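Architecture at a glance
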Amino acid sequence: MNSTICKPTISPLHPSSLFPQITLCKTIRDLKQVHAHMIKTAQIHDPLAAAEVLRFCALSNDRNVEYARKVFDQMRQPNCFSWNTIIRGLSESNDDDNLLAFFLFCRMVCDGFVQPNQFTFPSVLKVCARTARIREGKQVHGLVVKYGLDSDEFVVSNLVRLYVMCGIIEDAHVLFHRNVIEFGKGDAVMTNKRRDEGMVVLWNVMVDGYVRLGMFGAVRELFDRMPQRSVVSWNVMISGYAQNGFFKEAIEMFREMQMEDVYPNYVTLVSVLPAISRLGALELGKWVHLYAEKKEIDIDDVLGSALVDMYSKCGSIEEALQVFERLPKKNAITWSAVIGGLAMHGKANDAIDYFSRMDRAGVTPSDVTYIGVLSACSHAGLVDEGKYFFNHMVKVVGLEARIDHYGCMVDLFGRAGLLEEAEKLILNIPIKPDDVIWKALLGACKMYGNMEMGKRVAEKLMDMAPNDSGSYVALSNIYASSGNWESVAEVRLTMKKMDIQKDPGCSWIELDGEIHEFLVEDDSHHRAKEILAMLEEISNQLKLIGYRPNTAQVLLNMDEEEKEGALHYHSEKIAVAFGLISTSPHSPLRIVKNLRVCEDCHSSMKLISKIYKRKIIVRDRKRFHHFEDGSCSCGDYW
Ligand code: ZN
Ligand code: ZN
């Protein structure tokens, strides 16, 4: 960093006080110069100037906590302000300094020259909360009461946070409730600004506490009751929902926030983007990107990676690449996002190119980067390349292969038809293989019609996860594809007996920023009638060009006509029908599905793209399919 030395033009050194000189310092280097001058001219004990030097070293952007401690130790009799400064400085630093902050606080209390005040306790309580020291925290709580500060909102919020972080939600709630009841009622009386701000912080801490414990019902209730909300309140809710899998709720919160005229900030955008990615809500994602640019929110490596991830998961790999290229700084997360995105879109060679670019840029790939490049190889059937990258990771970079990496390799072998090799790998990996890895092999068995291995693997899976529907469904699929309906019925019966529900298929489509969700055979949408009519039309059109539905996918032993009916109501088809009647001609349709797209849907989508002259982009659980003019980007290899 450039440091500008205090120039004499600012103000000539005045012997009476160096205070103004200190306030003009920009860097620690400037400060040290002035400080040296203070020592030379014996002004070191000017209390005002000394306190300002301390503040700069402990709390400024160019802080140096170690130097601050030296300055503090030289003070003859530090006042409360200086104690607070050094304690806060240390509490905001690393773990060792945190501990030191706590010891200094103890010294402050024991020495008894100055009393801790409402500005001392928040820092000390933060240290206790961060390091989960509940015993010490409770003692500090005792002191808070002793000094009569148990009604100060900032102190109380930090106490509440302490109990929340230590997992004692009941105590947190008692404290919170008492303070809200006592001070929240008299709105007219309490017009003090600090108090108002303190109240918002207190509510935020409590909301955050419930989010941490995953109590989302209680969170929403509390949030709705908040007398005042800051942008932080919204951020806590959005990130809480998004991180706990409530993607729709996260997005709804984000919309509500705007309706209440609260401006999203950097944290809001970083929190909401993963939810947008998961639901494939491209329009909303674009809006976020535009908003960041318009409001000049810094698109750094973190926000940039989230945008790259969003664009690629929402089906627009081109925009993902554009954002990526414009980022001034790229870290391993950014590179992993772009490589993973290319892999998901079946652009294996590009993914490999970016991997070498990353290497040339001197960024060390992380284990996530390897998952990206390995799955790229697996989707494209690049067996030799996959082997090369796996060895590179383990032998050259020295990363330990995780179960996910083995999963990619099993998938790679399995898809390429090297079933024996895949099974051998599973049996020889040093970690206990999980169900995902066996499922990958099971999928391959089905793809290559290897009944014998398929049964073996399915039985293994049922042993491992007896309540997971996946293995039962796969096994009955294997039987069904060979017309063995008796065995299909047997598997079905077992599922019924054990009360195993099939994962419901579910697809989303975004329309004008709103997410429409469809389940299999879903008729709950308010345009259900029109959708049904469209589904019939599609089915007729498909028949006209000689399409025969692939009924092997239907699991039940029904007659062919029934099976055909069941296929038409797969959630992705309903979503397509809805898309066709709700959007202008030629505009692309983007659909997200929670499961893998079935063979029948895959072949009908190809034809639908041709008949209706639409690009249809489907993201299933594994990857993207870009359907256009009768064919799919995956080349039917998925
Ligand atoms: Zn289907
Ligand atoms: Zn495809």
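Not measured: the values here are computed from a predicted model.

Sheet strands pair via backbone hydrogen bonds, and the direction of the pair is either parallel or antiparallel. Pairing is mixed in the open sheet, where 6 strands are placed in the order S2-S1-S3-S4-S5-S6. The open sheet has two free edges, formed respectively by strand S2 (514-519) and strand S6 (631-632), since each of these has just one partner strand. The pairing of strand S1 (residues 506-511) with strand S3 (residues 589-593) spans 3 bridges and is antiparallel. Residue pairing in the sheet places Ile509 in a bridge with Ile591 of S3.

Along the chain, Cys601 falls in helix H32 (residues 599-611). Ignoring sequence-local partners within four residues, the contact set of Cys601 consists of His570, Glu572 and Lys573.

Right, let's talk about unusual backbone geometry for a bit. Within the chain, Asp261 stands out as a residue other than glycine whose phi angle is a positive 60°. Residue placement: Asp261 occurs in the loop between helix H14 (247-259) and helix H15 (266-279).

Generally speaking, nonpolar side chains in soluble globular proteins are found buried as a group. Ile87, Phe121, Val160, Ile276 and Leu441 are the most contacted members of the largest nonpolar core, which has 168 residues in total. Setting aside residues up to four positions removed in sequence, Leu441 forms contacts with Val410, Leu419, Ala422, Glu423, Ile426, Met453 and Val457.

What follows is about the environment of Ser123. Here Ser123 is to be found in helix H7 (residues 120-130). Judged by its relative accessible area of 6%, Ser123 is buried. For Ser123 and Ala458, which are 335 residues apart along the polypeptide, the C-alpha to C-alpha distance reads 56 Å. For Ser123, the residues in contact, after removing those within four places along its chain, are Ile87, Arg88 and Ser91.

Let us look at the confidence of the model for the protein chain. This prediction gives the protein chain a mean pLDDT of 87; 92% of its residues lie at or above 70. At the level of individual helices and strands, the protein chain shows its lowest average pLDDT in helix H30 (residues 560-568), which scores 56, and its highest in helix H18 (residues 317-326), which scores 96. Counted against residues more than four places away or in other chains, residues 1-15, with its pLDDT under 50, gives 19 contacts.

With that settled, the discussion passes to the layout of surface pockets. Over the atoms rolls a probe the size of a water molecule, and in doing so it shows where empty space is left. Considering only enclosed or pocket space, the second largest pocket measures out at about 410 Å³ in volume. Lining the second largest pocket are 19 residues; nearest its centre among them are Arg88, Phe119, Pro122, Ser123 and Lys126. Secondary-structure elements contributing two or more residues to the lining of the second largest pocket are helix H3 (47-59), helix H5 (80-91), H7, helix H9 (153-165) and helix H11 (193-212). Broken down by element, the lining of the second largest pocket gets its largest block of residues, 5 residues, from H5. The residue inventory of the lining of the second largest pocket, partitioned by class, reads 6 nonpolar, 7 polar and 6 charged.

Buried residues dominate S1, accounting for 6 of its 6 residues. The two faces of S1 match: Cys506, Trp508 and Glu510 on one face and Ser507, Ile509 and Leu511 on the other face are all buried. Note: S1 against S2, 6 bridges, orientation antiparallel. Paired with Leu511 across the two strands is Glu514, which belongs to S2.

This next bit is on the coordination of the zinc ion (ligand 2). Distances from the zinc ion (ligand 2) to its protein donors, His602 (NE2), His625 (ND1), Cys632 (SG) and Cys634 (SG), fall within 2.0 to 2.3 Å. Given 4 donor atoms and angles of 102 to 117° at the metal, the environment of the zinc ion (ligand 2) is assigned as tetrahedral. Linear spacing of the donor residues for the zinc ion (ligand 2) on their chain is H-x22-H-x6-C-x1-C. Separated by 30 residues along the polypeptide, His602 in helix H32 and Cys632 in strand S6 bring together distant segments of the chain. For the pair formed by His602 and Cys632, the shared burial category is buried.

This part covers the domain arrangement of the protein chain. Here the domain parsing of the protein chain yields domain 1 (13-72), domain 2 (266-329), domain 3 (333-388), domain 4 (402-502) and domain 5 (507-632). One C-alpha centre belongs to domain 2, the other to domain 4; they are set 37 Å apart.

Each packed pair of helices is defined by two parameters, the angle between the axes and the distance between the axes. The geometry of helix H6 (residues 95-111) relative to H7 is characterised by a closest axis approach of 10 Å and an angle of 135° between their N-to-C directions. In terms of orientation, H6 lies oblique with respect to H7. Note on packing geometry: the crossing formed by H6 with H7 is left-handed. Listed contacts from H7 to Asn98, Ala101, Phe102, Phe105 and Met108 of H6 are Thr120, Phe121, Val124, Val127, Cys128 and Arg130.

Taking 1.5 Å as the rise per residue, H9 with 13 residues should run 18 Å; its terminal C-alpha atoms sit 18 Å apart, in good agreement. Listing the buried residues of H9 in full gives Glu153, Val155, Val156, Ser157, Asn158, Leu159, Val160, Leu162, Tyr163 and Val164. Sitting at the head of H9, Asp152 places a side-chain oxygen 3.0 Å from the backbone nitrogen of Phe154. Gly167 sits one or two residues past H9 and shows a positive phi near 80°.

A complete count under the given rule lists 21 salt bridges for this structure. Put simply, Glu52 and Arg55 hold a salt bridge, and the shortest N to O gap is 3.0 Å. You can see Glu52 and its partner Arg55 sitting in helix H3, 3 residues apart, about one turn around the helix. By relative accessible area, which is 10% here, Glu52 ends up buried. Among the ionic pairs, Arg415 bridges to Asp411, the shortest N-O distance being 3.0 Å. Taken together, the residues Arg415 and Asp411, both in helix H23 (residues 403-415) and 4 residues apart, mark about one turn of the helix. Using a relative accessible area of 4% as the deciding quantity, one classes Arg415 as buried. Residues participating in the shared-partner salt-bridge network are Arg63, Arg88 and Glu92.

Here Ser571 is to be found in helix H31 (residues 571-582). A distance of 2.8 Å separates the side chain of Ser571 from the side chain of Ser507, its partner in a polar contact. Among residues more than four places away in sequence, those in contact with Ser571 are Gly505, Cys506, Ser507, Phe518, Leu519, Val520 and Lys593.

All right, on to helix H20 (residues 348-360) then. Count 3.6 residues to each turn of an α-helix, and residues three or four apart come out pointing the same way. Over its 13 residues, H20 extends 19 Å from the first C-alpha to the last, a length consistent with the 18 Å expected when each residue adds 1.5 Å. Those residues of H20 that sit buried are Ala348, Ala351, Ile352, Tyr354, Phe355 and Met358. Looking down the long axis of H20, one finds its buried residues gathered within 160° of arc, a one-sided arrangement. The exposed residues of H20 that point more than 90 degrees off its buried face are Asn349 and Arg360. Buried positions along H20 lie against H18, helix H19 (332-344), helix H21 (367-380) and helix H22 (383-397). Positive phi shows up at Gly362, right after H20, with a value of about 80°.

How each quantity is defined
Residues numbered from 1 in each chain as written. Chains lettered and ligands numbered in written order. Predicted model: local features only at pLDDT ≥ 70, side-chain atom pairs only at ≥ 80, totals over all residues. Heavy atoms only, no water. Pairing = 2+ DSSP bridges. Helix = DSSP H or I, 4+ residues; strand = E, 2+ residues; numbered from the N terminus. Contact = heavy atoms within 4.5 Å. Core = buried A, V, L, I, M, F, W, Y, C linked by side-chain atoms within 4.5 Å. Buried < 20%, exposed > 50% of the residue type's maximum accessible area, 1.4 Å probe, protein only. pLDDT = per-residue confidence, 0-100. 1 Å grid on protein atoms, 1.4 Å probe; cavity = no way out; pocket = protein on both sides within 12 Å on 5 of 7 lines; lining within 4 Å. Points joined across faces, edges and corners; volume = space filled by probe spheres on them. Nonpolar A, V, L, I, M, F, W, Y, C, P; charged D, E, K, R; others polar. Donors = N, O, S within 2.8 Å, 3.2 Å for Na, K, Ca; no water. Tetrahedral: all angles 85-135°; square planar, octahedral: opposite > 155°, others 65-115°. Domains from an automatic or database assignment. Axes fitted to C-alpha atoms, helices over the stretch in contact; angles between N-to-C directions. Parallel < 35°, antiparallel > 145°, perpendicular 65-115°, else oblique. Left-handed = near helix turned anticlockwise from the far one by under 90°. Expected span 1.5 Å × (residues − 1). Polar contact = N/O pair within 3.5 Å; in protein donor to acceptor, adjacent residues only side chain to side chain. Salt bridge = Lys/Arg side-chain N within 4 Å of Asp/Glu carboxyl O. Arc of directions from axis to C-beta.

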